[in-house]
Structures are given as C-alpha cells and as structure tokens.
Amino acid sequence: MDEKAGRPHTSHDVHTLRTALEGLEARWERQQRSAPLVSSSQLRLLHALETAAGSNLRELCAALGSAAPALSRLCARLEAMGLVRRAHSARSRREIELYLTGRATAYLRELREEREQFLASVLGSMPDGDRAALLKGMDGLRRALDPPGPGLAENPVIRSA
C-alpha cells in the first residue's frame, strides 16, 4: 500500500518500473564506448569509495551488506587493476583504509559523462509532459531510496551496492 498517497501499488506499477530500469541498464551497457572495465559489483564498490574515501573493509562490509572475504577479493582485484589503493590508517596502524586512484576517478567521470549524454538524448526525445512527470517521479524515487540520516551506511550509493 502506498501509505503516503493512500492507494495500493499494483503489480502493473512494479512491472512498469522494473522493465524500464532493466531497459535502461541494457541500453547503458550497449551504448558504452568500450568494454566495461569493471563488473557491476566492482562498480558499486568504486561508487562507495568515491563517496566514502578512506573507509576500511569492516565499514564497507557493513554498508554494502557483503561478507568480508568477498569484499576483500573485490578490493584486491580493483587494486591489481590500479583502481584502488590501500593505506594504513592514521588512527590505527592495524587498520587499512581504501581509496580510489586517479585512474578510477577518471573512469567514473567518463562513465558518468557517457550515461548523461545518453540520458540527455532520451529526455530530449520525450514530450514535455512525459519528461516533467518522469523527473518528478524520479525525484520522489530518489527521496524514497535516500532517506535523510548520518553516516556511511546511510549513503544511498553504498546502501544500494
């Protein structure tokens, strides 16, 4: 039930949203200029580190809902690719912090630019009323996915990874 609007969600609503998101994901993959550099799991981890630089593995595990061994392997692969670097924490020599490298930052910037160009093209092809309704709905969806709150685990990028 959509308690804010006082009406039930329908399976059609859910199906429409799911198919639109799947279509968007498939188009993003097809329009990418080159083969993806990283997997979707690795990309979520890069986004998390972009937002919360210097996080340690324990914090990332809690925020991403991932097991330490799996996340550690992801970090090791990203480090071997030159996308993540590890550093000893200033707080504790036993703690390792994770950071994006310049290569990772550039990759994320290029990926965003490609996606934004694609989205601009799609939005430009929509009638004004449809575009306005979509943007209003997406703003509501973003707010529903990103309730206000402090801390690493409350980061929408990290929480969704």
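In what follows, the structure referred to is the one given above.
Parameters and conventions
Residues numbered from 1 in each chain as written. Predicted model: local features only at pLDDT ≥ 70, side-chain atom pairs only at ≥ 80, totals over all residues. Heavy atoms only, no water. Pairing = 2+ DSSP bridges. Helix = DSSP H or I, 4+ residues; strand = E, 2+ residues; numbered from the N terminus. Contact = heavy atoms within 4.5 Å. Axes fitted to C-alpha atoms, helices over the stretch in contact; angles between N-to-C directions. Parallel < 35°, antiparallel > 145°, perpendicular 65-115°, else oblique. Nonpolar A, V, L, I, M, F, W, Y, C, P; charged D, E, K, R; others polar. Polar contact = N/O pair within 3.5 Å; in protein donor to acceptor, adjacent residues only side chain to side chain. Salt bridge = Lys/Arg side-chain N within 4 Å of Asp/Glu carboxyl O. Buried < 20%, exposed > 50% of the residue type's maximum accessible area, 1.4 Å probe, protein only. Expected span 1.5 Å × (residues − 1). Arc of directions from axis to C-beta.

(A) Summary view of the sheet that holds strand S1 (residues 55-56). One open sheet holds the three strands; their spatial order is S1-S3-S2, and the pairing between them is antiparallel. The open sheet terminates on both sides in strands that have one partner only, identified here as S1 and strand S2 (84-88). With two bridges connecting them, S1 and strand S3 (residues 96-100) associate as antiparallel partners. Note on S3: the bridge partner recorded for Asn56 is Glu97. Helix H4 (residues 68-80) rests against S2 and S3 of the sheet, and its axis sits at about 110° to S2.

(B) Geometry of the pairing of S3. Judged from the five bridges that link them, S2 and S3 form a sheet pairing that is antiparallel. Looking at the pairing, Arg86 lines up with Leu98 of S3.

(C) Layout of the packing of helix H2 (residues 40-51) against H4. Between H2 and H4, the shortest axis-to-axis distance is 10 Å and the interhelical angle comes to 85°. Classified by the angle their axes make, H2 and H4 are roughly perpendicular. Side by side, H2 and H4 meet where Ser41, Gln42, Leu45 and Leu46 of the first sit next to Leu71, Leu74, Cys75, Arg77 and Leu78 of the second. In terms of residue class, the contact of H2 with H4 is built from six nonpolar, two polar and one charged.

(D) The side chain of Glu97, seen in detail. Tracing the backbone shows Glu97 in strand S3. At a separation of 2.6 Å, a polar atom in the side chain of Glu97 contacts the side chain of Tyr99. Residues in contact with Glu97, not counting those within four places in the same chain, are Gly54, Ser55, Arg85, Arg86, Ala87, His88, Ser89, Ala90 and Arg91.

(E) Representation of the environment of Leu74. Summarising the element assignment, Leu74 is placed in helix H4. Each C-alpha atom of the pair Leu74 and Ser41 lies 8.0 Å from the other, and the pair is 33 residues apart in sequence. Residue contacts for Leu74: discarding those within four places in its chain leaves Ser41, Gln42 and Leu45.

(F) Structural view of the pattern of salt bridges. Tallied over the entire structure, the rule returns nine salt bridges. The shortest N-O distance in the salt bridge between Arg18 and Glu22 comes to 2.8 Å. Residue Arg18 and its partner Glu22 are both found in helix H1 (residues 11-31); the two are separated by four residues, about one turn of the helix. Look at Glu22 and you get partly exposed, because its relative accessible area is 40%. One salt bridge in this structure joins Arg142 and Asp139, with 2.7 Å as the shortest N-O distance. With Arg142 and Asp139 both in helix H6 (residues 128-145) and three residues apart, the pair spans about one turn of that helix. Salt bridges sharing common partners tie together Arg58, Arg91, Glu95 and Glu97.

(G) Looking closely at H4. Look at H4: 18 Å from first C-alpha to last across 13 residues, which is about the 18 Å you get at 1.5 Å a residue. When H4 is considered as a whole, its buried residues turn out to be Leu71, Leu74, Cys75 and Leu78. Looking down the long axis of H4, one finds its buried residues gathered within 95° of arc, a one-sided arrangement. More than 90 degrees from the buried face of H4, the exposed residues found are Pro69 and Ala80. Those residues of H4 hidden inside the fold are in contact with H2, helix H3 (57-64), S2 and S3. The first or second residue beyond H4 is Gly82, which carries a positive phi of 80°.

Everything listed here is a matter of coordinates, which is why it stays silent on function.
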